[in-house]
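Each chain, letter by letter, is given below.
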Amino acid sequence: RRQRQMCIRDSRYGPADGLLFTPRRIPDEAPYREALALFEAGHDMGLKKMIATHIEWRTIMAPLALQQRFAELGVKMEKSFYEFNLARAMRSFEVLGPENFIFSSDQGMFPNLRAKRGFACMVQEYLNAGITPEQARIMLHDNQQFLMEG
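Presented here is a report on the structure given in the accompanying data block. Sequence order as written defines the numbering, with residues in each chain counted from 1. The predicted origin of the model limits local features to residues at a pLDDT of at least 70 and limits the giving and counting of side-chain atom pairs to 80 or more, whereas totals for whole chains, interfaces and linings rest on all residues. Side-chain numbers here rest on the full set of heavy atoms in the structure, without hydrogens or water.

### Looking at unusual backbone geometry
Note: most residues except glycine have negative phi, and most peptide bonds are trans.
Step number 1: At His54, a position not held by glycine, the phi torsion is positive, near 55°.
Step number 2: Strands here mean DSSP runs of E at least two residues long; helices mean DSSP runs of H or I at least four residues long; both are numbered from the N terminus. Turning to its location among the elements, His54 is positioned in the loop between β2 (49-52) and α3 (64-72).

As structure tokens, then:
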């Protein structure tokens, strides 16, 4: 635990006020344990800006119980059009609420036309599936604003 706290605190750009974790593979769930340990250490240190990316990537597919634990720790979780899974996402939104998620393209934005179209299609699919415009705003704007504010 001490090593994790030292790792989080050690920043060449000044004191850390956030934490980002991007798991890429989940063999034997080791990255789940690693991510959870990092987010728990960050939470214990009082970090308020924590993000878990790629939670729906095909080699990860974070279980709902893990997403729930991340939410309890204050972690915002990325939902990307590149790893779009409508049914899983809608279940996550229903159980955990939009305040725990951010939408992203994961392909860059401008001038990448594929990213813009894909992102717009993803948001429209969520709206068609039943999220409200207010819930979309929370995941498109409000949560990102919170994460970006100094």
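### Describing the side chain of Ser104
Step number 1: Secondary-structure assignment places Ser104 in strand β4 (residues 101-104).
Step number 2: Under the rule applied, a polar contact is a pair of N or O atoms within 3.5 Å (in protein, one hydrogen donor and one hydrogen acceptor; residues adjacent in sequence only if both atoms are side-chain atoms). A polar side-chain atom of Ser104 sits 2.5 Å from a polar atom in the side chain of Glu78.

### Re helix α6 (residues 133-148)
Step number 1: An expected span of 1.5 Å times one less than the residue number is assigned to each helix. The end-to-end C-alpha separation of α6 is 22 Å, in line with the 22 Å expected for 16 residues at 1.5 Å each.
Step number 2: Here the bend at each residue means the angle between axes fitted to two seven-residue stretches, the one ending at that residue and the one beginning there. The sharpest bend along α6 reaches about 35° and sits at Met139.
Step number 3: Note on exposure labels: buried denotes an accessible area under 20% of the residue type's maximum, exposed denotes more than 50%, and partly exposed covers the range between, all computed with a 1.4 Å probe on protein chains only. Of all the residues in α6, the buried ones are Ala136, Ile138, Met139, Asn143, Gln144 and Leu147.

### Observations concerning the nonpolar core
Step number 1: We call a set of buried Ala, Val, Leu, Ile, Met, Phe, Trp, Tyr and Cys residues a nonpolar core when their side-chain atoms join them within 4.5 Å. Phe39, Met77, Phe93 and Phe103 are the most contacted members of the largest nonpolar core, which has 33 residues in total.
Step number 2: Discounting chain neighbours no more than four positions away, the residues touching Phe39 are Leu19, Phe21, Met50, Ile51, Ala52, Phe70, Leu73 and Val75. Every residue pair with non-hydrogen atoms within 4.5 Å of one another is taken to be in contact.

### Quick look at the pattern of salt bridges
Step number 1: Any carboxyl oxygen of Asp or Glu that lies within 4 Å of a side-chain nitrogen of Lys or Arg is treated as forming a salt bridge with it. Under the defined criterion, the tally for this structure stands at 6 salt bridges.
Step number 2: Two residues, Glu40 and Arg69, come together in a salt bridge whose shortest N-O distance is 3.2 Å. You can see Glu40 sitting in helix α2 (residues 30-44) and its partner Arg69 sitting in helix α3, a full 29 residues away along the chain.
Step number 3: The exposure class of Arg69 is partly exposed, given its relative accessible area of 30%.
Step number 4: Linking Lys79 and Glu56 is a salt bridge whose minimum nitrogen-to-oxygen distance equals 2.5 Å.

### Some details on the sheet that holds β2
Step number 1: Should DSSP find at least two bridges between two strands, the strands are taken to pair. With respect to topology, 4 strands assemble into an open sheet ordered β1-β2-β3-β4, the strand pairing being parallel. Where the open sheet ends on each side, the last strands, each with one partner, are β1 (18-21) and β4. Each adjacent strand pair in this sheet contributes to an overall mean axis angle of 25°, direction not counted.
Step number 2: Relative to β4, strand β3 (residues 75-80) is paired through 4 bridges, and the arrangement is parallel. Residue pairing for β4: Glu78 is matched across the bridge by Ile102.
Step number 3: In this analysis, axes come from line fits to C-alpha atoms, helices being fitted only over the stretch in contact, and the angle between any two N-to-C directions falls in the range 0 to 180 degrees. Each of β2, β3 and β4 is contacted by α3, which is oriented at about 135° to β3, the strand it contacts most.
Step number 4: Sheet strands touched by helix α4 (residues 86-96): β3 and β4. Its angle to β3, the strand with the most contacts, is close to 155°.

### Section: the pairing of β2
Step number 1: Judged by which residues are buried, β2 turns out to be covered on both faces: Lys49 and Ile51 on one side and Met50 and Ala52 on the other are all buried.
Step number 2: Bridging between β1 and β2 involves 4 bridges; their strand directions are parallel. Residue Phe21 lies in a different strand from β2, and its bridge partner there is Ala52.
Step number 3: Here β2 runs beside β3; their pairing, made up of 3 bridges, is parallel. From the neighbouring strand, Met50 faces β3, where its bridge partner is Val75.

### Describing the packing of aromatic side chains
The geometry of an aromatic ring pair comes down to the distance between the two centres and the angle between the two planes.
Step number 1: Each Phe, Tyr or Trp ring, with Trp reduced to its six-membered ring, pairs with another whose centre is within 6.5 Å; inter-plane angles below 30 degrees give stacked pairs, above 60 give edge-to-face pairs, and intermediate values give tilted ones. Inspection of the entire model under this criterion finds 5 aromatic pairs.
Step number 2: Note on Phe93 and Phe101: the rings are 5.3 Å apart at their centroids and 70° apart in plane angle, and the pair reads as edge-to-face.
Step number 3: Note on Phe93: relative accessible area 6%, which makes it buried.
Step number 4: Overall, Phe101 belongs to the buried group, its relative accessible area being 0%.
Step number 5: Here the aromatic cluster, defined as three or more aromatic residues joined through ring pairs, consists of Phe93, Phe101, Phe103 and Tyr126.

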